[in-house]
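Results of the structural survey
Okay, here's what each chain looks like letter by letter:
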Amino acid sequence: MNVFAGRIDFIRQAQVAARLGAVLPRAAVLHRSEDTRPYECDGLSAYRQLPMVVALPADEAQVQAVLRICHELQVPVVARGAGTGLSGGALPMGDGVLLSLAKMKKILAVDPVARIARVQPGVRNAAISEAAAPYGLYYAPDPSSQIACTIGGNVAENSGGVHCVKYGLTVHNVMRVRGLTAAGDLVEFGSEAPDAPGYDLLALAIGSEGMLAVTTEVSVRLIPKPETACCIMASFDDVEKAGNAVADVIGAGIIPAGLEMMDRPATHAVEQFVHAGYDLEAAALLLCESDGTPEEVREEVARMSEVLRASGATGIRVSQNETERLKFWAGRKAAFPAVGRISPDYYCMDGTIPRRRLGEILHFIAAMEIKYGLRCPNVFHAGDGNLHPLILFDANKPDELARTEAFAGEVLEKCVEVGGTITGEHGVGIEKINQMCTQFAPAELALFRGVKTAFDPEGLLNPGKNIPTLHRCAEYGRMHLKGGTAAAQQPHAGLPRF
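Residues numbered from 1 in each chain as written. Predicted model: local features only at pLDDT ≥ 70, side-chain atom pairs only at ≥ 80, totals over all residues. Heavy atoms only, no water.

Topic: the overall build of the protein
This is how the line gets drawn: Starting at the N terminus, helices and strands are each numbered in turn, a helix being any DSSP run of H or I of at least four residues and a strand any DSSP run of E of at least two. Relative accessibility decides the category of a residue: with a 1.4 Å probe and only protein chains considered, values under 20% of the type maximum give buried, values over 50% give exposed, and everything between is partly exposed. Every residue pair with non-hydrogen atoms within 4.5 Å of one another is taken to be in contact. Working convention for charge: Lys and Arg count positive, Asp and Glu count negative, and His plus the chain ends are omitted. Working definition for charges: the position is that of NZ of Lys, CZ of Arg, CG of Asp or CD of Glu.
When helices and strands are tallied, the protein shows 19 helices and 19 strands. Considered along the principal axes of its C-alpha atoms, the protein spans approximately 65 × 60 × 40 Å. Put simply, the protein has 498 residues, and 57% of those count as buried. Within the protein, counting contacts between residues at least 6 apart in sequence, those at least 24 apart form 73% of the total. In the protein, 47 positive and 57 negative side-chain charges are present, and the distance between their average locations comes to 4 Å.

Spelled out as structure tokens, the structure:
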């Protein structure tokens, strides 16, 4: 199977569209290029591919019917939510069906006593908290794209957000996932009860990037909304001091509700966009939030302020009201669109490192800026060491995308070198598939393939993503042996670009 087939077989396309048209309304099966064009990429827009057919089911029964037809015809299937993913995990295939779950956006139940919401995969992240708000509850994981991203996509990528340091990632807040295998068989992971019979496969399903099953229903954990919250904005004259301060706060036994970091280029971009009142002279800013009862918040803010001063903070501002607190966070959450105003294109990365190595990684990124001649503002979920460097480039200039990918590859491999991982919440998709060869040994990758095969023997669900072939890893290794970084010489050979 040609995983990234670029040419559509129109006879095959007509056959698949006709079969799907028998189980879906005519308007829910798209195959003309002008109709499928909006589905050609996700948030990693550097790579695009028109799908052979787009299917838009409205319920689980229709999803099951689509999967059974595709299984019968041996047609690959890529599931898609809102398309906000940043690793190419929803890149379609020219010989496959793009299965959009956007119509499945019902909140099926909110149980304020059990503190559980049961939702379809197309429900927006923020909509869950909106539905739970009348009961004084909310859903904790809050990706920056939460007003648009869907819970199905969050499950696929194990998404986090600015408050994940205290409240955890998707995997810590989802109790049950219901879905369908490539053959159309129903499967459930986890339970709404305190425990579930059999193997605990819930964590396996969350973060599996649509390779094991297509999610059709999710039960999430709701938690009480804190009585109050307060945010500290701490300025530092050195990025390494700021990085060490993150580890100092956690080392002091404090678990903030949020702990984020931005360097000077990022704060300048954001301040022009949001006017959040950031310190533009600081080399780095930390946003440290405390939530809980008023008494708990006062005590924790005082303790955090003391630790931050001892760690070298040159200035500390504490939000005086809810409006100011939200203004502090508005800047951080607007970091991606803010850099979009100052560069034709940007490449948002995602790696995770030990907190104590934050300063070292920032210095490394600065060296890579010089090496590749590209700017790179940095924002971090600093509390859990999750990096989001934003490499700025212009796709219209020859070689800039290739240099950007090479830059990104070196940073990801540095993350592995210092004891971290190549992703925290964006997933592997196609973006980091080469670095999987660096992170894992061949025997480990073989085990991953074994898990994939157990759920999807024919390899029809999201093929070509996440797990590299042994041949690809061998080629990648040979590039390293020739000298230089493999990513710099052959970043994503064989993948379709715009």
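From this point, things continue past the structure.
As for the nonpolar core
We apply this condition: Take the buried Ala, Val, Leu, Ile, Met, Phe, Trp, Tyr and Cys residues and link them wherever side-chain atoms come within 4.5 Å; each set so joined is a nonpolar core.
By size, the foremost hydrophobic cluster in this structure holds 62 residues, and its most contacted members are Phe236, Met261, Leu286, Leu308, Ile391 and Phe407. For Ile391, the contacting residues outside a window of four places in its chain are Asp345, Tyr346, Tyr347, Met349, Leu374, Arg375, Cys376, Thr404, Phe407 and Ala408. Counting residues in hydrophobic clusters, the runner-up holds 35 residues, among them Val53, Ala55, Met93 and Val214.

Comments concerning the sheet that holds strand S4 (residues 97-100)
Inclusion rule: A pair of strands counts as paired when DSSP detects no fewer than two bridges linking them. Lines fitted to the C-alpha atoms define the axes, with helices restricted to the stretch that makes contact. Angles between their N-to-C directions range from 0 to 180 degrees.
Within the open sheet, the four strands sit side by side as S1-S2-S4-S3. Their pairing is mixed. What marks the edges here is a single partner per strand, and that holds for strand S1 (29-30) and strand S3 (77-80). Against the sheet, helix H3 (residues 60-73) contacts strand S2 (53-55), S3 and S4, and its axis sits at roughly 165° relative to S4.

Considering the packing of aromatic side chains
Keep this limit in mind: Ring geometry is summarised as follows: Phe, Tyr and Trp rings, the Trp one being its six-membered ring, pair when their centres sit within 6.5 Å, and such pairs are stacked at plane angles under 30 degrees, edge-to-face over 60 and tilted between the two.
Scanning the model with the defined rule gives five aromatic pairs in all. Ring plane angle 80° and centroid distance 6.5 Å describe the contact between Tyr138 and Tyr167, whose orientation is recorded as edge-to-face. Highlighted residues: Tyr138 in strand S7 (residues 137-138) and Tyr167 in helix H6 (residues 164-167), separated in sequence by 29 residues. When sorted by exposure, Tyr138 lands in the same class as Tyr167, which is buried. Between Tyr372 and Phe407, the ring centres sit 5.8 Å apart and the planes meet at 25°, which makes this aromatic pair stacked. Pair noted here: Tyr372 is in helix H14 (residues 358-372) and Phe407 is in helix H15 (residues 400-417), with a separation of 35 residues, a long-range link. Judged by its relative accessible area of 9%, Tyr372 falls in the buried class.

Considerations on a negative patch on the surface
Selection criterion: Every patch collects residues that have over 30% relative accessible area and no salt bridge, joining them within 9 Å if they carry like charges and within 5 Å if they are nonpolar side chains (Val, Leu, Ile, Met, Phe, Trp, Tyr). To be clear on the numbers: accessible area is Shrake-Rupley with a 1.4 Å probe, and residue cover counts the displayed protein chains and nothing else. The term salt bridge refers to a pairing of a side-chain nitrogen on Lys or Arg with a carboxyl oxygen on Asp or Glu at a separation within 4 Å.
There is a patch of like negative charges on the surface, built from Glu227, Glu295, Glu296 and Glu299. Its location among the elements puts Glu227 in the loop between strand S11 (223-224) and strand S12 (228-236). Judged by relative accessible area, which is 62%, Glu227 ranks as exposed.

Quick word on the sheet that holds strand S9 (residues 186-190)
Across the sheet, which stays open at both edges, the five strands sit in the order S5-S6-S10-S8-S9 with antiparallel pairing between neighbours. The open sheet has two edge strands, strand S5 (107-111) and S9, and neither has a second partner. In this sheet, neighbouring strand axes are inclined to one another by 10° on average, regardless of whether the strands run parallel or antiparallel. As judged from the four bridges shared by S5 and strand S6 (residues 116-119), these two strands associate in the antiparallel manner. Within S6, the residue paired with Asp111 across the bridge is Ile116. Taken strand by strand, helix H4 (residues 125-132) contacts S5, S6 and strand S10 (214-221), and its axis lies near 45° from that of S5.

Quick word on H4
With respect to burial, H4 is a largely interior element, six of its eight residues being buried. All of the buried residues in H4 are Asn125, Ala126, Ala127, Ile128, Ser129 and Ala132. Looking at the packing, one finds that the buried side of H4 touches S5, S6, S7, helix H5 (151-157) and S10.

As for the environment of Val307
Position of Val307 among the secondary structure elements: in helix H11 (residues 294-310). By relative accessible area, which is 16% here, Val307 ends up buried. Taking the C-alpha atoms as reference, Val307 lies 6.9 Å from Asp248; in sequence the two are 59 residues apart. Non-local contacts of Val307, meaning those with residues more than four positions away in its chain, are made with Asp248, Val249, Ala252 and Ile254.

Describing the pairing of strand S18 (residues 378-381)
Here is the key point about a regular strand: its side chains alternate between the two faces of the sheet. Residues Asn378 and Phe380 line one face of S18 and the alternating positions Val379 and His381 line the opposite face, and both faces are buried. As paired elements, strand S13 (residues 258-263) and S18 share two bridges and run antiparallel to each other. Following the sheet pairing, Met261 is matched in S18 by Phe380. Here S18 folds back onto strand S19 (residues 386-393), and the loop between the two strands holds four residues, one of which, Gly385, carries a positive phi near 70°.

Quick notes on the pattern of salt bridges
Counted by the stated rule, this structure contains 28 salt bridges. The salt bridge involving Arg19 is made with Glu72; its shortest N-O contact spans 2.9 Å. Separated by 53 residues along the polypeptide, Arg19 in helix H1 (residues 10-21) and Glu72 in helix H3 bring together distant segments of the chain. On the basis of relative accessible area, Arg19 is assigned to the partly exposed category, the value being 29%. The exposed category is assigned to Glu72, whose relative accessible area is 53%. A salt bridge links Lys414 to Glu417, with the shortest nitrogen-to-oxygen separation between them at 3.2 Å. With a gap of three residues between them, Lys414 and Glu417 both fall in helix H15, about one helical turn apart. The network of salt bridges with common partners includes Glu60, Arg118, Arg176, Arg178, Glu188 and Glu217.

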